[in-house]
Amino acid sequence: MDDRAGSVRREPRRILIAGGAGFVGSHLAARLVAEGHEVICLDNLQTGRLSNLAPLMSESRFSFVRHDIVQPVAIEGPLDEIWNLACAASPPQYQLDPLHTFRTCVNGSLNLLELAREKQARIFQASTSEVYGDPDVSLQAESYRGSVNTWGPRACYDEGKRSAETLFFEYERLGVEVRVARIFNTYGPRMSPEDGRVVSNFVRQALMGEALTIHGEGQQTRSFCYVDDLVEGLLRLMRSDARGPVNLGNPGEFTVRELADMVLAQTGSDSPLLHKPMPQDDPRQRRPDLGRAKRELGWEPRIPLAKGLAMTIAHFREELAGRDRPVSVVRAG
Ligand code: NAD
Ligand code: UDP
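Note that the structure is predicted; figures quoted are calculated from it, not measured.

A. The arrangement of the site of ligand 1 in detail. Ligand 1 sits among 30 residues. The nearest are Val 24, Asp 43, Thr 47, Tyr 157 and Thr 186. Phe 23 is positioned with one of its backbone polar atoms (N or O) 2.9 Å from an oxygen atom of ligand 1. One of the backbone nitrogen or oxygen atoms of Leu 85 is found 3.1 Å away from an oxygen atom of ligand 1. Look at ligand 1: alone it shows 820 Å² of surface, and the protein chains cover 97% of it. Breaking the shell around ligand 1 down by element, the ones donating at least two residues are helix H1 (23-34), helix H3 (98-119), strand S5 (122-128) and helix H4 (155-173). Top element by residues in the shell around ligand 1 is S5. It accounts for three residues. Looking at the shell around ligand 1 residue by residue, the classes come out as 13 nonpolar, 13 polar and four charged.

Put into structure tokens, the structure is as follows:
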């Protein structure tokens, strides 16, 4: 674990997190503030929620700025690190305004990269397993070039994130210190129950006594990483000397149907399953090759899906308890 070769690193650091009111960004912000750093969170609140930041709002080392990174970003004073997590991550959310999603990835990245260059700050990009598209290999290593549709409904995000990687590595050639993680499906407390991703949908539906919506037969697979594991990987990456993109995720691979069964068993819900049409270009499989992360960061995830789901369900149970329809099911076992 490193430090910037040849430069003096200020401690505590002054850190900007774009997208800090979102699911992952708020966990990262909490961890960095707890480590004693000054954190400025910048977010347009498109999918993020101020409630995610409630525990930080009274901290003197924390501040929030409402801003869209598509517009130029100006921050007074020095910055040591910039984290770019700004972008809706859930397919129904990023497809609501595809051009804005693409601008967020491209114009937003350019604005933050220019800021990094001006401040001589190290900059992180939250890239994604979506750069592999609908992969035709069963374990995706960073060397895999991907199988992406340039003009389908997911392209605004997939191609936006691919373009952002290009920008980050071009700025690296200009001397900016960049770190890029390809994040695989991550879940946990503080996901918005209305976000539309599979874990938040299934847990909300099970707790509210609604049908679990399974796309297709549910035979497509995903590998689900608990958010605390991811944040540990992000921090190790940012403080490492790793060059090039690094996969971060959990190697446990589950079908969507298996996930639904686990959620039903853990919540004790008797919600039925409702099959819906498979969305266009939905990847059939996804599982990270973690060789680079293990070798270069000494990182691998520790929290299996069963344990992470239990913690997520407990959080959702609390958040949904105040809603009109009661959380109707009792804890199993
Ligand atoms: P999220 O939707 O909860 O958080 C994204 C945050 O970015 C939100 O607070 C949103 O309001 C903000 N945002 C969006 N567009 C913005 C803009 N133009 N300007 C300023 N703020 C903007 O999603 P998340 O799961 O926390 O994901 C965080 C990052 O990690 C995203 O970049 C996402 O693409 C990436 N990622 C996440 C996953 C995952 O499974 N969670 C997987 C791969 C990549
Ligand atoms: N999915 C599903 N029901 C839902 C939401 C999603 O079956 O209510 C499926 C979705 O089609 C995909 C998988 O679950 O095959 C993961 O979807 P998510 O939106 O969480 O992430 P992504 O597709 O971006 O990996």
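B. Structural context of the packing of H3 against H4. Remark: H3 packs on H4, axes separated minimally by 8 Å, with the N-to-C direction vectors making an angle of 15°. Taken together, the axis directions place H3 and H4 in an arrangement best described as roughly parallel. Of the two possible hands of crossing, H3 and H4 adopt the one that is right-handed. Residues Pro 98, Thr 101, Phe 102, Cys 105, Val 106, Ser 109, Leu 110, Leu 113, Glu 114 and Arg 117 of H3 form the contact with H4, whose participating residues are Cys 156, Tyr 157, Glu 159, Gly 160, Lys 161, Ser 163, Ala 164, Leu 167, Phe 168 and Tyr 171.

C. Structural detail: the pattern of salt bridges. One pass over the full model with this rule turns up 26 salt bridges. With its nearest N and O atoms 3.2 Å apart, the salt bridge here joins Glu 81 to Arg 239. Taken together, the residues span a long stretch of sequence, with Glu 81 in strand S4 (residues 81-84) and Arg 239 in the loop between helix H6 (227-238) and strand S11 (246-248) at a distance of 158 residues. Exposure remark for Glu 81: the relative accessible area of 0% places this residue in the buried category. Residue class for Arg 239 comes out buried when judged on its relative accessible area of 12%. Salt-bridge contacts for Asp 195 lead to Arg 197; the nearest nitrogen and oxygen are separated by 2.7 Å. Just as Asp 195 is buried, Arg 197 falls in that class too. Connected through shared salt-bridge partners, Glu 11, Arg 13, Arg 31, Glu 35, Glu 81, Glu 232, Arg 236 and Arg 239 make up one network.

Scoring rules and cut-offs
- Residues numbered from 1 in each chain as written.
- Chains lettered and ligands numbered in written order.
- Predicted model: local features only at pLDDT ≥ 70, side-chain atom pairs only at ≥ 80, totals over all residues.
- Heavy atoms only, no water.
- Near = heavy atom within 4 Å.
- Polar contact = N/O pair within 3.5 Å; in protein donor to acceptor, adjacent residues only side chain to side chain.
- Areas by Shrake-Rupley, 256 points an atom, 1.4 Å probe, with all protein chains shown as cover.
- Helix = DSSP H or I, 4+ residues; strand = E, 2+ residues; numbered from the N terminus.
- Nonpolar A, V, L, I, M, F, W, Y, C, P; charged D, E, K, R; others polar.
- Axes fitted to C-alpha atoms, helices over the stretch in contact; angles between N-to-C directions.
- Parallel < 35°, antiparallel > 145°, perpendicular 65-115°, else oblique.
- Left-handed = near helix turned anticlockwise from the far one by under 90°.
- Contact = heavy atoms within 4.5 Å.
- Salt bridge = Lys/Arg side-chain N within 4 Å of Asp/Glu carboxyl O.
- Buried < 20%, exposed > 50% of the residue type's maximum accessible area, 1.4 Å probe, protein only.

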